Amino acid sequence: MTVRGAWARVRRFRFTAGVLVGVLLAGAAWLGADALRPDPAAWEKGRLVIMSGRDDSAGGQRQVLVEQWNRMYPDHPAEIRQVSGLADAQHSEMVSQARSGRSDVDIYNLDVTWTPEFAHAGYLAPLDERGLDTTGFLTGPLETCRYEGRLWALPFNTDAGLLFRRSDLVPEAPGDWTRARADMSRVLSDPARPRELVSGYTGQFGDYEGLTVNTFEAVWAAGGHILVDGRVALDDRAREAVRALAEDARSSNPSRLLPESLRFDESQSTTAFRDGKVVLLRNWPVAYRRLADGPDTGGRALPFAVSKLPGPSVLGGQNLAVASGSARPAAARALIAYLTSARTQQLLFERGGFAATQRIVYEDPQVMARYSYARTLLSAIEGARPRPVTPHYWRFSEVFRAGVREALDNGGTLPADFADRLTRALRGQ
């Protein structure tokens, strides 16, 4: 069977979540395996190493998929070499491995912003698109796998920020931040509000990539721009959005932004919302499972609802790419095809909370019925915007968040030379 034919079979296949789980865990043949055969004997034998950040899915679903692969292809066993859960540390460890020249890594699980950097540096082997039907993937996530006209990876999971709200306190989704602030003020000014409720909202404002993401989204929600056509174009609305963040952080009695949020990552902000401290939470879809299935508060589960953010989300996610130094590139490509196929994508979504990269997962009526936020999530992904596509993104983000942190500590005014700093960072300086 050709690659194109196998992918067509995947797209035509309509499945339910229950059937999928039963089939996968029973060890039935992977539908997409034929796509890269035509004979597994052509794959190089030996262990495949996937270098990846921490698996934040419920029940470690990535490991479940790898174990399923190992049962199907014992001559080509795979293992996940897990590194830090923090993006900064992940990046440092992966770059160190790639530069060493002695790495035994076969596949990198890269943040979407790192793909250009790793491709530009020669750390990745490009994928041959001839005969490979990628039409099942969502457009935005697939585009993050391209750099300078070539395909370097396939999207493992995608991401878009969502707004989680206390549905008992805010019944309707706020369409913009003006409405959101009004809702927060109404709830917080009510003397009968829950005692543990101390602030309006929380997000990820710690000094790591979360600060870059949350600030981009705040700027876009205000109609501002940071870059236009790849050039730094900080406008008045962007600067005003940063001032508004600083004002929210300084507000008191009660505060609009939970003060601890300036140190928070995804896990800490989810805990604060789950513990009833805030009305609104900005977070990635993976937080849904923790809020729905995690420990309750005060003997009862907090009611919550999910909507899109008041503005566009940053497009997040991770891409699987073959390391240029892999001794098993054919087997690595086969493993990537398996991990990104529609059936495994559905398992990652329905059991692990990872946003699927294949459209068919969101089109299935039973998925829509079982996961009420699936349509909202798909809409958020389709409207999400990428961060700067540059091999120097890591430097850009460092400089960006340093300037934002400076502003948050000094009344909300960005440094006078901030645009120049960002321009130099985009050049890798």
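The structure under discussion appears in the preceding block.
Residues numbered from 1 in each chain as written. Predicted model: local features only at pLDDT ≥ 70, side-chain atom pairs only at ≥ 80, totals over all residues. Heavy atoms only, no water.

A. Examining the overall build of the protein more closely. The secondary structure content of the protein amounts to 18 helices and 14 strands. Looking at the protein as a whole, 56% of its 429 residues are labelled buried. Counting contacts in the protein only where the partners sit at least 6 residues apart, residues at least 24 apart contribute 73% of the total. (Helix = DSSP H or I, 4+ residues; strand = E, 2+ residues; numbered from the N terminus. Buried < 20%, exposed > 50% of the residue type's maximum accessible area, 1.4 Å probe, protein only. Contact = heavy atoms within 4.5 Å.)

B. The arrangement of the layout of surface pockets in detail. Here the largest pocket is characterised by a volume of approximately 780 Å³. Around the largest pocket, the lining is made up of 33 residues, and of these Asp56, Gly85, Glu266, Trp284 and Val286 lie nearest the centre. Mapped by element, the contributors of at least two residues to the lining of the largest pocket are α4 (87–100), β6 (154–160), α8 (209–221), α10 (266–274), α11 (287–293) and β14 (315–322). For the lining of the largest pocket, the residue count by class is 10 nonpolar, 12 polar and 11 charged. Each pocket or cavity is described by its volume, and for the second largest pocket that value is around 380 Å³. (1 Å grid on protein atoms, 1.4 Å probe; cavity = no way out; pocket = protein on both sides within 12 Å on 5 of 7 lines; lining within 4 Å. Points joined across faces, edges and corners; volume = space filled by probe spheres on them. Nonpolar A, V, L, I, M, F, W, Y, C, P; charged D, E, K, R; others polar.)

C. Representation of empty space enclosed by the protein in the model. Applying the stated criterion across every chain, the model contains two cavities of 30 Å³ or more. Of the pockets and cavities examined, the largest cavity occupies roughly 50 Å³. Contributing to the lining of the largest cavity are Ile50, Ser52, Arg62, Val66, Ile80, Asn109, Phe156, Leu320 and Leu339. Among the elements of the structure, β1 (48–52) and α3 (61–72) are those that each provide at least two residues to the lining of the largest cavity. A per-class count over the lining of the largest cavity returns six nonpolar, two polar and one charged. Lining of the second largest cavity is provided by Val219, Ile226, Leu234, Ala238, Val242, Phe400, Val404, Leu414 and Phe418. Elements supplying a minimum of two residues to the lining of the second largest cavity: α9 (236–250) and α17 (393–408). Looking at the lining of the second largest cavity residue by residue, the classes come out as nine nonpolar, no polar and no charged.

D. Representation of the sheet that holds β14 in the model. Strand order in this open sheet of five strands is β2-β1-β3-β14-β6, and the pairing throughout is mixed. Of all the strands in the sheet, the pair left with one neighbour each is β2 (78–82) and β6. Sheet twist, expressed as the average angle between the axes of neighbouring strands with direction ignored, equals 20°. Helix-sheet contacts for α4 involve β1, β2, β3 (107–111) and β14, and the interaxial angle to β3 is about 145°. (Pairing = 2+ DSSP bridges. Axes fitted to C-alpha atoms, helices over the stretch in contact; angles between N-to-C directions.)

E. Focus on the pairing of strand β7 (residues 162–166). Counted residue by residue, β7 has five buried out of five residues, so it is predominantly covered. The alternating pattern of β7 places Leu162, Phe164 and Arg166 and Leu163 and Arg165 on opposite faces, both of which are buried. When β7 meets strand β12 (residues 278–283), the two strands line up antiparallel, connected through four bridges. Across the sheet, Phe164 pairs through a bridge with Leu281, a residue of β12.

F. Representation of α17 in the model. Helix length check: α17, at 16 residues, gives a terminal C-alpha distance of 22 Å against a target of 22 Å (1.5 Å per residue), a fit within 8%. Of all the 16 residues making up α17, 12 are buried; the element is thus mostly covered by neighbouring parts of the structure. Where the residues of α17 are buried, they touch α4, α5 (115–120), α8, β9 (227–228), α9 and α18 (418–426). (Expected span 1.5 Å × (residues − 1).)

G. Region of the structure containing the packing of aromatic side chains. Applying the stated criterion across every chain, the model contains 20 aromatic pairs. Grouped by ring-pair contacts, the aromatic residues Phe164, Tyr288, Phe304, Phe349, Tyr362, Tyr371 and Tyr373 constitute a single cluster. Seen from the ring of Trp284, Arg282 lies directly overhead, with NZ or CZ sitting 4.2 Å from the centre. Residue placement shows Arg385 over the ring face of Trp220; its charged tip is 5.2 Å from the ring centre. (Phe/Tyr/Trp six-rings, centres within 6.5 Å; stacked < 30°, edge-to-face > 60°. Lys NZ or Arg CZ within 6 Å of the ring centre and 35° of its normal.)

H. Broad picture of the sheet that holds β12. Pairing within the open sheet is mixed, and its five strands lie in the order β11-β8-β12-β7-β13. Each edge of the open sheet carries a strand with a single partner, namely β11 (255–257) and β13 (304–308). Pairwise comparison of adjacent strand axes, ignoring direction, gives a mean angle of 15° for this sheet. By the bridge criterion, two bridges tie strand β8 (residues 199–202) to β11 in an arrangement that is parallel. The residue bridging Ser199 from the neighbouring strand is Ser255, located in β11. The strands touched by helix α7 (residues 177–188) are β8, β11 and β12; relative to β8, the strand with the most contacts, the crossing angle is about 140°. Sheet strands touched by α10: β7, β8, β12 and β13. Its angle to β12, the strand with the most contacts, is close to 155°.

I. Just the pattern of salt bridges, in detail. If you walk through the whole model with that rule in mind, you get 22 salt bridges. Linking Glu209 and Arg387 is a salt bridge whose minimum nitrogen-to-oxygen distance equals 2.8 Å. On the criterion of sequence distance, the pair formed by Glu209 in helix α8 and Arg387 in the loop between α16 (374–383) and α17 is long-range, its members being 178 residues apart. Residue Glu209 shares its accessibility class with Arg387, and that shared class is buried. Across the pair Glu382 and Arg359 runs a salt bridge whose closest N-O atoms are separated by 2.6 Å. (Salt bridge = Lys/Arg side-chain N within 4 Å of Asp/Glu carboxyl O.)

J. Spotlight on the nonpolar core. Among the nonpolar cores identified, the biggest contains 51 residues, and Trp69, Tyr108, Phe118 and Leu335 are the most heavily contacted of them. By size, the runner-up hydrophobic cluster in this structure holds 43 residues, among which are Leu188, Leu197, Val213 and Ala218. (Core = buried A, V, L, I, M, F, W, Y, C linked by side-chain atoms within 4.5 Å.)

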